[in-house]
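Given next are the chains, with one letter for each unit.
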Amino acid sequence: MSEHIRTHLEGGVLTVVFDRADKKNAITQAMYAALADATEQAKADDAVRVILFRSEGDSFSAGNDIADFIALGQTPGDLVEMGVFRFLKALADLDKPAVAAVRGRAVGIGLTLLLHCDMVVVAEDALLSVPFVNLALAPEAASSLLLPRVLGHQRAFELFALGEAIDGRTALAWGLANRAVPADQVEATAVDLAAKLAARAPNSIRKTKALMRDAEALWAVMQLEAQAFGAQMRSPEAMEAFMAFSQKRAPDFSKLG
């Protein structure tokens, strides 16, 4: 288990905490492996009825750790074998309710994770974004399927292509969240919802979720995304985007095509 991922089981709710506040909860490969462990445990353990994702600090997650990703891009091999895709497959396969408590920034996987949660509580001033194109990458976590399904094509494409953030109130209005509340009420609201779900008939809840999702189709999309993501991650476009990010400047794609 990564030191930056903590878990706690109480009252049928497995709470999974992003605990890397000094880095805005940017996720490393070690953290993805720990998240995969926790999500697989949630499915396999009868004592777990609900999984709740929350964070320490002022951000839910800044997305992938860029330094970690640059190193990953230089590593040969199939992305599907990496910790991140083991976590994504565990999310696709999860047949128990998932709840998220979102404060501050939710970037990249910080947003696409929410598409696999059954109930989402966001702070009214939270900022959610999927800046994959800004980093010359491609969507992941089956978000190329799920985000247009939730938002419609035009809104989803704008979020992907421009990478601009929406606030928690907009996320609620657009259907990305169940509740938008003041930041200091997010965790209590999410814990209350998780407890209510844990009190419901577990097999009925699991069958209901299974009927609403096609795990095999989600995993198939994730694998297609992995091919596109992997190709882009090792591309000159991505190298320019990563370099620009580290140098705190705008990327210049004018000579790339």
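- An unreviewed UniProt entry annotates the protein as 1,4-Dihydroxy-2-naphthoyl-CoA synthase originating from Brevundimonas vancanneytii.
- In UniProt, the protein has this text filed under Subcellular location (unreviewed entry): "Peroxisome".

### A short note on the side chain of Ser 55
Phase 1: Positionally, Ser 55 belongs in strand β3 (residues 50-55).
Phase 2: A polar contact of 3.2 Å, which involves the side chain of Ser 55, links it to the backbone oxygen of Ser 59.

### Re the pattern of salt bridges
Phase 1: As enumerated under the stated definition, the model contains 15 salt bridges in all.
Phase 2: Residue Glu 56 is joined to Arg 6 by a salt bridge in which the shortest nitrogen-to-oxygen separation is 2.5 Å. With Glu 56 in the loop between β3 and α2 (66-73) and Arg 6 in strand β1 (residues 5-10), this pair connects stretches of sequence that are 50 residues apart.
Phase 3: Here Asp 58 ties to Lys 24 by a salt bridge, and the two come within 3.0 Å at their closest N and O atoms. You can see Asp 58 sitting in the loop between β3 and α2 and its partner Lys 24 sitting in the loop between β2 (13-18) and α1 (29-44), a full 34 residues away along the chain.
Phase 4: Look at the salt bridges and you will find they share partners, linking Arg 6, Asp 19, Arg 54, Glu 56, Arg 103 and Glu 187 into a network.

### Topic: the packing of helix α3 (residues 83-93) against helix α10 (residues 215-233)
Phase 1: With their axes 8 Å apart at the nearest point, α3 and α10 run at an angle of 160° to one another. In this view, α3 runs roughly antiparallel relative to α10, as classed from their interaxial angle. Crossing geometry of α3 relative to α10 is assigned as right-handed. Listed contacts from α10 to Phe 85, Leu 88, Lys 89, Ala 92 and Asp 93 of α3 are Ala 215, Leu 218, Trp 219, Met 222 and Ala 226.
Phase 2: The residue inventory of the contact of α3 with α10, partitioned by class, reads 8 nonpolar, no polar and 2 charged.

### Things to note about the nonpolar core
Proteins that are soluble and globular tend to have nonpolar side chains buried together.
Phase 1: Formed by 84 residues in total, the largest nonpolar core has its most connected members in Leu 35, Phe 53, Phe 87, Leu 88, Val 102 and Leu 147.
Phase 2: Every residue in contact with Leu 35, bar those within four places of it in the chain, is listed here: Ile 5, Val 16, Phe 18, Ile 27, Phe 53 and Phe 87.

### A few points about the sheet that holds strand β5 (residues 105-107)
Phase 1: Across the sheet, 3 strands lie side by side as β5-β7-β8; this open sheet has mixed pairing. Pairing within the sheet leaves two strands with one partner each, and these edge strands are β5 and β8 (166-167).
Phase 2: As defined by bridge partners, strand β7 (residues 127-129) adjoins β8 across 2 bridges and the pair is classed as antiparallel. Among the inter-strand pairings, Leu 127 is bridged to a residue of β8, identified as Asp 167.

### Some thoughts on the environment of Ala 100
Phase 1: Within the secondary structure layout, Ala 100 lies in strand β4 (residues 98-102).
Phase 2: Since its relative accessible area comes to 0%, Ala 100 is described here as buried.
Phase 3: Here Ala 100 is in contact with Leu 52, Phe 53, Leu 114, Cys 117, Met 119, Val 120, Val 121 and Ala 190, once residues within four sequence places are set aside.

### Remarks on the environment of Arg 105
Phase 1: Within the secondary structure, Arg 105 is located in strand β5.
Phase 2: Along the sequence, Arg 105 and Phe 18 sit 87 residues apart, while their C-alpha atoms lie 13 Å from each other.
Phase 3: The residues contacting Arg 105, other than those within four sequence positions of it, are Asp 58, Ser 59, Phe 60, Ser 61, Leu 127 and Ala 165.

### Things to note about the pairing of β2
Along any regular strand the residues' side chains alternate between the sheet's two faces.
Phase 1: Within β2, 6 of the 6 residues are buried, leaving the element largely enclosed by the surrounding structure.
Phase 2: What you see with β2 is no split at all: Val 13, Thr 15 and Val 17 on one side and Leu 14, Val 16 and Phe 18 on the other are buried throughout.
Phase 3: Where β1 and β2 come together, 6 bridges link them in antiparallel fashion. Paired with Ile 5 across the bridge in β2 is Phe 18.
Phase 4: Hairpin connection of β1 to β2: 2 residues between the antiparallel strands, including Gly 11 at a positive phi of 60°.
Phase 5: Pairing between β2 and β3: 6 bridges, direction parallel. Of the residues in β3, the one forming a bridge with Leu 14 is Ile 51.
Phase 6: The parallel pair β2 and β3 is bridged by α1, and the resulting crossover is right-handed.

Cut-offs applied
Residues numbered from 1 in each chain as written. Predicted model: local features only at pLDDT ≥ 70, side-chain atom pairs only at ≥ 80, totals over all residues. Heavy atoms only, no water. UniProt positions renumbered as here; feature names shortened; annotations may be inferred. Helix = DSSP H or I, 4+ residues; strand = E, 2+ residues; numbered from the N terminus. Polar contact = N/O pair within 3.5 Å; in protein donor to acceptor, adjacent residues only side chain to side chain. Salt bridge = Lys/Arg side-chain N within 4 Å of Asp/Glu carboxyl O. Axes fitted to C-alpha atoms, helices over the stretch in contact; angles between N-to-C directions. Parallel < 35°, antiparallel > 145°, perpendicular 65-115°, else oblique. Left-handed = near helix turned anticlockwise from the far one by under 90°. Contact = heavy atoms within 4.5 Å. Nonpolar A, V, L, I, M, F, W, Y, C, P; charged D, E, K, R; others polar. Core = buried A, V, L, I, M, F, W, Y, C linked by side-chain atoms within 4.5 Å. Buried < 20%, exposed > 50% of the residue type's maximum accessible area, 1.4 Å probe, protein only. Pairing = 2+ DSSP bridges. Right-handed = clockwise from strand over helix to strand, strands pointing away.

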